[in-house]
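# A look at the structure
Next come the chains, spelled out residue by residue.
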Amino acid sequence: MTTANWQQVKDYQEIIFERADKVAKITMNRPKKLNAFTPVTIQEMIEAFAICRDDSSIGVIILTGAGDKAFSSGGDQTVRGNGGYVGPDHIARLNVLDL
């Protein structure tokens, strides 16, 4: 069995975006929070998926979570406000629907 030679596509704060040949891998990288997503996580994933969509040489996308306890526990409740999840712009929204 051969191992994929993963290369970083772009540096992000809350995800890892890598590629090996025709396969892209997007990893939610918040294992201490069980990969609970924030507005930053969602925005980074939207951008990474758009890059994959626009690159016709990518045939497969793997979506995974870092660590060994959870793929994702959902939205990070520590950043949830009355209208949704509050990001660095201080605006509450449910931007997971955009993803």
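Residues numbered from 1 in each chain as written. Predicted model: local features only at pLDDT ≥ 70, side-chain atom pairs only at ≥ 80, totals over all residues. Heavy atoms only, no water.

## Overview of the sheet that holds strand β7 (residues 92-93)
- Here 3 strands make up an open sheet; going across it, the order is β5-β6-β7 and the pairing antiparallel. At either end of the open sheet lies a strand with only one pairing partner, and these are β5 (80-81) and β7.
- In terms of strand pairing, strand β6 (residues 84-86) meets β7 through 2 bridges, oriented antiparallel. In the strand pairing of β7, Val 86 is matched with Ala 92. (Pairing = 2+ DSSP bridges. Helix = DSSP H or I, 4+ residues; strand = E, 2+ residues; numbered from the N terminus.)

## Some details on the sheet that holds strand β1 (residues 7-10)
- An order of β1-β2-β3-β4 is seen for the 4 strands of this open sheet, with the pairing classed as mixed. In this open sheet, the two strands that pair with only one neighbour each are β1 and β4 (60-65). Here the strands of the sheet are splayed against their neighbours by 30° on average, with no regard to which way each runs. (Axes fitted to C-alpha atoms, helices over the stretch in contact; angles between N-to-C directions.)

## So, the packing of aromatic side chains
- For the structure shown, the criterion picks out 2 aromatic pairs.
- For the pair Tyr 12 and Phe 17, a centre-to-centre distance of 6.4 Å together with 45° between the ring planes defines the contact as tilted.
- Residue Phe 17 is classed as buried on the basis of its relative accessible area, which comes to 0%.
- A cation sits over an aromatic face here: Arg 80 above Tyr 85, 5.1 Å from the ring centre. (Phe/Tyr/Trp six-rings, centres within 6.5 Å; stacked < 30°, edge-to-face > 60°. Buried < 20%, exposed > 50% of the residue type's maximum accessible area, 1.4 Å probe, protein only. Lys NZ or Arg CZ within 6 Å of the ring centre and 35° of its normal.)

Nothing here speaks to function; it is geometry throughout.
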